[in-house]
Every structure is written in structure tokens, then in C-alpha cells.
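Structural features, examined
Chain by chain, the residues run as shown.
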Amino acid sequence: MTGILKNLIEYRELMAVLAWKNITLRYKQSYLGILWAVLKPIVLVLIFMVLRSFVGIDSGAIPYPILTYSALTIWIFFQESASEGVSSVVGNANLIRKIYFPREVFPLTSVITKLVELGISLFILAGLMAWYGIAPTWQILWLPLLVLNAMLAALTIAFIGSALNVYYRDVSTALPVLLSLIMYMSPVIYPLALVKDKLLIHQAAGEWSNVLYTVFTLNPLAGLIDAFQNITLRGLPPDAAAMMPGLVLTLVLLPFSYLYFKRAESYFADVV
Amino acid sequence: MPIIQVEHVTKEYKLGQLTSLKQTVLNSINRLTGRPVEERKPFKALDDIHFSVDEGEVVGIIGHNGAGKSTLLKLLANIARPSSGSIKVKGKVAPLIEVGAGLVADLTGRENIYLNGAILGISKKEIGRKFDEIVGFAELEEFIDTPIKRYSSGMQVRLGFSIATSVESDVLIVDEVLAVGDLAFQRKCFDRMEDLIKRQGKTVLLVSHNIRQVERLCSRVILLNKGSVVSDGNANAVCTQFYEASDTQISSSPTSSLDLANKNECATGEILLRGIEILDTEDKPINSLRHKQAVKIRLDYEVTQELRAPVFGIGIHTTDFIYLATQQSAKQLKLEKLGIGQHRLTFDIPSFPFMPGVYSIRAGVAEGSTSRTLFYAENLLHLQVVLENAEDRIWNDGLVELSGSWAYTQPKISESTYD
């Protein structure tokens, strides 16, 4: 693991240039350009609002559109980091066959690239908050740590996924399915408070309720999205109890994911 | 102190497709239960390669297709890892394995210089410093802010080469990159390579099929065949050996090569070449001769349709098809017609003019009045000119001996200079 830090420093310039290339390429020859980074969550918010008008989701004191927009800001960052990380190694096959540098540069770059879009999305979120008259509190200082948490969760998927994808392209096909499953299991459309209320207060699943809630929060995004809404909109600190299971799971799995990647790395050029 | 140390390196690839998930699962079940596992056959691209390169050495790697040259370079560039054995390289390696790898079509020339520079490990500061030089060398000043997808392929390759050769490194690994661009640019590339090699004293590994180029640039050559080092040593000696090896490979099937020659698009079938041989003064067939030896080339033709005033031609060319000399029969041999049947022609060379090396023969027949080609083929027979003593050959002598005479004159020192 110390190797990764050393490489991070040594290859920071390369990663910066590659990230800049990804961003430039994505929006070159597109009329709306980087606006697309904003359009995607906005369209999703509109869809969720229509959905909500049918089923009714209690959003508490926070207006529903900004609550979901806030959730989508961090969710889309995670989702796109993970999926682009997974396809990054195969996508750069031409470089892998010709030039050597540590291969983790590719998944890392994918995640770094997404930081830029996250920045734009946050900017819009700030605008929405001003519109709804929600003032940020000091809790906003948690933001970098939460973003880091999302990056680590995305990298856990990206390292092992991109290495497996070199051998079995099934991975990049299956990933969108897995990710949308995680999305419905995460408090994106509904707030975490609803789940908490059902399971912990009303004990909806009987004696299994507490266990089920822990299982639900094993999804790193469950606690993370709630925490993100807390620090931006509710002015509350992250809910440590909701975040802990997912964070522990991420920190346990990430080293294995990275080690698998490093072991597979030497054969990328032969197989890809 | 060697800068590159390659120790007993073997690289195996598995033949065939990647196994399916089903096969993988079956294999692991079989392995666990101790039943035989269906393995894919390994293929040894490199087999126990062992050599070292000292600092400042320029080493050429030659061999036939599939000899393992590119695999070896990939291992040295750390792109792939050996299956067994170890490779130690001291210092930074710059691989010019495929110039233009990593150029992005949608980015401009300027953007690509920064991107490709970073990929090759040049820092942003350094690129900034070298930017004008890179653009200047690639001759792309006007187009530098145009996306490179609008470039011609030659322009793209020029840009790639220009960026790649500006990497500051201790070891340069070059794979066939000199064959880029038009003639003028090839010349420039070659000069730049020569500059890197000879004046900046870099350690260079060069893979090329252009043996003449290798002979010129390298001080030492490693010949690979089927993944093993066949010989390693003085550039001229190894290149000559390579020519010999190519020669035996080609001449091992003489009949089929004649059949092929008779079927090529320049042969009408009205006259067929049935045999070609080089004879010494005692009419014994030979395939190697000494410089200035007297030899004869004998051609056996079979005529299938009566020919009017045929003209025969014969020529010598190098293995890379530089036509060295030709002689045709029009002025020496006035043949009215040639009837159906076997005919034999001999061409007498009183003193074979070419320097040691491997040459090949081309031959043709045309119908005199209209100059219509009836038969023409190249590479018909290889012949090797050898030196009596191969060790005598210390420099590349060229193709032809330059006739002339040397004279030495003592400078007349007038007494007054010493006053």
C-alpha cells in the first residue's frame, strides 16, 4: 500500500494530464460541453419528482428536489468513478501494450477526472441552496472527507473490476446492473430517515430489524449519501452509526482489491 | 558495469483463446479433486535468453519474423514480465516501440505534445522548454493548433517521433521506427538517431529488419532465432551470418521458387525458367564465391511457343532489392527465333565485382521487336561472396570495390619554413 502513495506522488503530473485529456475529449465537439455534467442529475431529479407525485415520499423539512439533487451529486460521482475506473484499463489497451507506467494510474485517473464534474455539480448545489434559502453551516467542512470516502469506495470496485475486465469483459457489461441495484439500495430517491424509522423505530421486520439495518448500511453509499445531505442541507454532522459498517467494509476490501490489481497487472499487456 | 542485465529469461504465452468461465471453473474443480486438468499449450516466445549490455553500447537485435525480437523489447521496456529469469535495467528507459502510441486524434498537436510527453515521462517543465524544438523537428509549426485527426499520417508519425526522441533517458529502445515519413524525413530521423547514438553516447537497443541500417548504426548485433540467441558479437560478422541463414532458408526449396517465378504476373508462360546455377571455371555449381572470382551463370529455359528475336537479361541485386548491375543480350546475341524445347544460356563473368555479402539474381526475357516482357523474376538464386578470412573484415566495405590507385607523396618541406 505504501507503493501506491509513492506512485501517486511520482505520477501526479501524468494523472493530471490524463484527467485533463479525459475531460477535454469528452466535451470536445459537443455543443453543451461540460453542462452535461449538470444536466444528468437535473433530469433525474425531474424523474424522481414525477415518481414522488405517485407514491409520496416524505422528505422531512428539506424540499424534495434539493434533497435528491444533493444525493445525486455524490451518487453520480461514485457511480461514474466506479464504472469508468472499471473500463479504464481495457480502454487504454493501446497504451498498455506500448508504454510502461504503473497501471493503477488508469483507475486513479478515472476517479480524479470525475472530481472536476463533482466540483461543477457542487457549484449548482450551492446555487440551489441559495434558491431554497438553505445556509451552509460549519458542518460543510466534512465535505473533503466524504468525497474521499466516495473515492475509496469507487476505487474498491474500480481496481478489482478493471483487472477482471481485462480477462472477462462480462464485468463491464454486468457493472451497470450492479450499480443501479446499489442505487435503489441507497437513499437516493428516498431519505435514509425513512429506512431508519421503519427498521429501528417501528421494528418492521421484527427481531431481524436491527440486523437488516446493519446490512442496509453495509452499503457504503447508504451512510455516505445521508451524511452528504446532513452536512450540506440539514447542518448536522454525519451519522456515524449509519456510516460505520460501510466504511469498515470499504477499508477492509480496498487493500485486497488493490493487491489483486497489482498481481494481475503484469499480465495486462499479454492479455488485453 | 553492465547497464542492462538479462539473465536466463524465458517468456511463455499460452496458445489459443482465453478459457471460458465454464472451463475455468471445471479446471479448478479438477485441480481440487486431483483429476487431470485440460491446459492450453504454452508457446515459448523467448527461451533462456542471457546477455548483458554495457553503458554506451549500441546493440542491434535481428532475426526473422517471430524470432522474439519485439517480445524481448517489451520485456526490457517493462511492458510485459518474463515467465522466468530476471531483467535488470539501470536508469530510465525510453521505449520507441511504436511512435505515436497514445496520440489522441481529437486533440491538437500542441495538446498532444503535452499529453504524450507526460505519458513518456517527460515533466511539464521539460516539455515547455523543448516545445519549440519538438515542433520544429516535426515541421508542424503551422498546424500545431489543429486537431491531429486532420493531419496526414506522415505528419502524425513525425510528431510522434519528434516527441519520443526528446525523452531524456539512459537507455533507448527502438523498434523499426526509422521507416517513418517521406524520404527527407527518414533522413532526418536517421540523423537524429545517429546523433543520439554516436554523439550523446546513449545505450541503444535497436530492432530492425533493415540489416544494412543495423550494420551501420550498431557496434554489436544479437541474432535471435525462434526465441534463442543464435549469435552475439561484431555487427558485420553477425549480419553476414544472418544473411547466410536467410540464404539457406530460401534456397532449401529451389524447385518451388522456380515454379513461383514462372507463375508470377510478369511471366506469360511462353518461356519457362527450368534451372539457374552459378558455376565456377570447372563448371561445378557453387553458391559461394570469392570477390573477383571468375564465374558463370547458367540459365535453362523451356520454350513453349516459338519466340521471335528474344532478348535475355540478367542482373544482380542485393537482398533488399537494390539493383546493382544488369546486362542484356541484345547486342551480343542475335537470335532470330527460338523454337519449342529446351535452351541453355550462359553468362560469363570474368571477375565478380561485388564485395563480400549476399546477393541475388534476377533474370528476364523479352521479345525483341516489341520489347514485350515474356518472363521476369527477381530473387531467383542467392549467392554469397565470402572473404578468405572473415576476421579481416573490420569495416563495412560497401558493395563495389572502388577501383583506383593510391599514391603517397612526401610533402616537400622547404628549408625556409624552419627559418
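The structure presented is a predicted model; accordingly, all values stated were derived computationally and were not measured. (Residues numbered from 1 in each chain as written. Chains lettered and ligands numbered in written order. Predicted model: local features only at pLDDT ≥ 70, side-chain atom pairs only at ≥ 80, totals over all residues. Heavy atoms only, no water.)

**Considering the overall build of chain A**
If you tally the helices and strands in chain A, you get 13 helices and 0 strands. The order of α-helices and β-strands along chain A, N terminus first, is α-α-α-α-α-α-α-α-α-α-α-α-α. At 19 Å, chain A has a C-alpha radius of gyration in line with the 19 Å of a compact globule built from 272 residues. Counting only C-alpha atoms and orienting by the principal axes, one finds that chain A spans roughly 55 × 50 × 35 Å. Per-residue burial over chain A gives 50% buried out of 272 residues. Of the accessible surface of chain A, which amounts to about 12,800 Å², a share of 72% is contributed by carbon and sulfur atoms. The centroid of the 17 positive side-chain charges in chain A is displaced by 7 Å from the centroid of its 14 negative side-chain charges. (Helix = DSSP H or I, 4+ residues; strand = E, 2+ residues; numbered from the N terminus. Rg over C-alpha atoms; globule rule 2.2 N^0.38 Å. Buried < 20%, exposed > 50% of the residue type's maximum accessible area, 1.4 Å probe, protein only. Areas by Shrake-Rupley, 256 points an atom, 1.4 Å probe, with all protein chains shown as cover. Lys, Arg positive; Asp, Glu negative; His and termini not counted. Charge placed at Lys NZ, Arg CZ, Asp CG, Glu CD.)

**Observations regarding the interface of chain B and chain A**
How large an interface is tends to be reported as the accessible area lost when its parts come together. Across the boundary between the two partners, chain B contributes 31 residues, which contact 26 residues of chain A. Interface area for chain B against chain A, summed over the two sides, is near 2,400 Å², with a carbon-plus-sulfur share of 64%. Our enumeration of links across chain B and chain A arrives at 2 salt bridges. One salt bridge in this structure joins E265(A) and R81(B), with 3.5 Å as the shortest N-O distance. Counting across the interface, chain B meets chain A through 3 residue pairs in polar contact (both at pLDDT 80 or more). In terms of residue count, helix 3 (residues 109-119) of chain B provides more of the side of chain B that touches chain A than any other element does, 5 residues in total. Grouping the amino acids of the side of chain B that touches chain A by side-chain chemistry returns 16 nonpolar, 6 polar and 9 charged. (Contact = heavy atoms within 4.5 Å. Buried area = accessible area lost by both parts, 1.4 Å probe. Salt bridge = Lys/Arg side-chain N within 4 Å of Asp/Glu carboxyl O. Polar contact = N/O pair within 3.5 Å; in protein donor to acceptor, adjacent residues only side chain to side chain. Nonpolar A, V, L, I, M, F, W, Y, C, P; charged D, E, K, R; others polar.)

**Examining the domain arrangement of chain B**
All names here are of chain B. Here the domain parsing of chain B yields domain 1 (58-81 + 92-248) and domain 2 (254-389). If you average the C-alpha positions of domain 1 and of domain 2, the two centres end up 39 Å apart. Tallying the contact residues gives 6 residues for domain 1 and 7 residues for domain 2. For the pairing of domain 1 and domain 2, the buried interface totals around 550 Å² over both sides, and the portion due to carbon and sulfur atoms is 46%. Taken together, the connections running from domain 1 to domain 2 amount to 0 salt bridges. The leading source of residues in the side of domain 1 that touches domain 2 is helix 8 (residues 235-251), at 4 residues. Tallied by class, residues from the side of domain 1 that touches domain 2 come to 1 nonpolar, 2 polar and 3 charged. (Domains from an automatic or database assignment.)

**A look at the packing of aromatic side chains**
Under the counting rule described, the total for this entry stands at 12 aromatic pairs over all chains. A centroid spacing of 5.3 Å and a plane angle of 55 degrees characterise the contact between F159(A) and F261(A), whose relative ring orientation is tilted. One end of the pair, F159(A), is in helix 7 (residues 143-167); the other, F261(A), is in helix 12 (residues 240-265), with 102 residues separating them in the sequence. For the pair shown, F159(A) and F261(A) are each scored as buried. When the ring of F137(B) is compared with that of F161(B), the centres are 6.2 Å apart and the planes differ by 25 degrees; the resulting orientation is stacked. Placement of the pair is F137(B) in helix 4 (residues 124-138) and F161(B) in helix 5 (residues 153-164), with a sequence separation of 24 residues. Looking at F161(B), the relative accessible area reads 0%, which means it is buried. Within the aromatic cluster, the residues linked to one another by ring pairs are F159(A), Y258(A), F261(A) and F268(A). The ring of F137(B) carries the charged tip of R192(B) above its face, separated from the ring centre by 4.2 Å. Against the face of Y323(B) rests R362(B), its NZ or CZ located 3.7 Å from the ring centre. (Phe/Tyr/Trp six-rings, centres within 6.5 Å; stacked < 30°, edge-to-face > 60°. Lys NZ or Arg CZ within 6 Å of the ring centre and 35° of its normal.)

**What about the pairing of strand 16 (residues 323-328) of chain B?**
The pairing of strand 15 (residues 310-318) of chain B with strand 16 of chain B spans 5 bridges and is antiparallel. Bridged to I314(B) within strand 16 of chain B is Q327(B). (Pairing = 2+ DSSP bridges.)

**Some points on the sheet that holds strand 19 (residues 357-367) of chain B**
Residues and elements named next belong to chain B. Taking strand neighbours across the sheet as the criterion, the 5 strands line up as 12-20-19-15-16 in an open arrangement whose pairing is mixed. A single partner strand is all that each edge strand has here, and the edge strands are strand 12 (288-290) and strand 16. When strand polarity is set aside, the average angle formed by the axes of neighbouring strands in this sheet is 30 degrees. (Axes fitted to C-alpha atoms, helices over the stretch in contact; angles between N-to-C directions.)

**Here we look at the environment of L141(A)**
Structurally, L141(A) can be placed in the loop between helix 6 (105-132) and helix 7. Its relative accessible area of 58% is what places L141(A) among the exposed residues.

**Brief notes about the packing of helix 2 (residues 12-27) of chain A against helix 6 of chain A**
Residues and elements named next belong to chain A. Helix 6 packs onto helix 2 with a crossing angle of 55 degrees between their chain directions and a minimal axis gap of 9 Å. It follows that helix 2 is oblique to helix 6 by the angle criterion. Judged by the twist between their axes, the crossing of helix 2 over helix 6 is right-handed. Of helix 6, the residues touching helix 2 (which contributes L14, M15, L18, A19, N22, I23, R26 and Y27) are V105, L108, T109, I112, T113, K114, V116 and E117. (Parallel < 35°, antiparallel > 145°, perpendicular 65-115°, else oblique. Left-handed = near helix turned anticlockwise from the far one by under 90°.)

**What about unusual backbone geometry?**
All names here are of chain B. Look at N78: it is not a glycine, yet its phi comes out positive at around 70 degrees. Along the chain, the position of N78 falls in the loop between helix 2 (69-76) and strand 4 (84-89). When its relative accessible area of 31% is taken as the criterion, N78 is described as partly exposed. Phi is positive for K226, close to 45 degrees, though the residue is something other than glycine. Within the secondary structure layout, K226 lies in the loop between strand 8 (220-225) and strand 9 (228-234). The class for K226 is exposed, based on a relative accessible area of 69%.

**Observations concerning the side chain of T217(A)**
Residue and element names in this part refer to chain A. Within the fold, T217 resides in helix 10 (residues 209-218). Given a relative accessible area of 1%, T217 falls into the buried group. In contact with T217, not counting residues within four places along its chain, are A222, A242, P245 and G246.

**As for the pattern of salt bridges**
With the rule as written, the count across this model stands at 27 salt bridges over all chains. For R298(B), the salt bridge is made with E277(B), and the minimal N-O distance between the two is 3.0 Å. Placement of R298(B) in strand 13 (residues 295-303) and of E277(B) in strand 10 (residues 271-279) is noted, with a sequence separation of 21 residues between them. The class of E277(B) is partly exposed, set by a relative accessible area of 29%. Within the structure, one salt-bridge network assembled from shared partners comprises K40(A), E80(A), E84(A), K114(A) and E117(A).

**Side note on the nonpolar core**
One finds W75(A), F101(A), I62(B), I113(B) and L205(B) to be the most contacted residues of the largest nonpolar core, which totals 147 residues. If you look at the next biggest cluster of nonpolar residues, it comprises 34 residues, including L258(B), I316(B), L345(B) and F354(B). (Core = buried A, V, L, I, M, F, W, Y, C linked by side-chain atoms within 4.5 Å.)

**Concerning the packing of helix 7 of chain A against helix 8 (residues 170-184) of chain A**
Residues and elements named next belong to chain A. Relative orientation of the contacting elements helix 7 and helix 8 amounts to 140 degrees, with a least axis distance of 8 Å. When the interaxial angle is binned, helix 7 and helix 8 end up oblique. Two secondary-structure elements touch here, helix 7 through I157, G161, L164 and N165 and helix 8 through V171, S172 and L175. Residues belonging to the contact of helix 7 with helix 8 are distributed by class as follows: 4 nonpolar, 3 polar and no charged.

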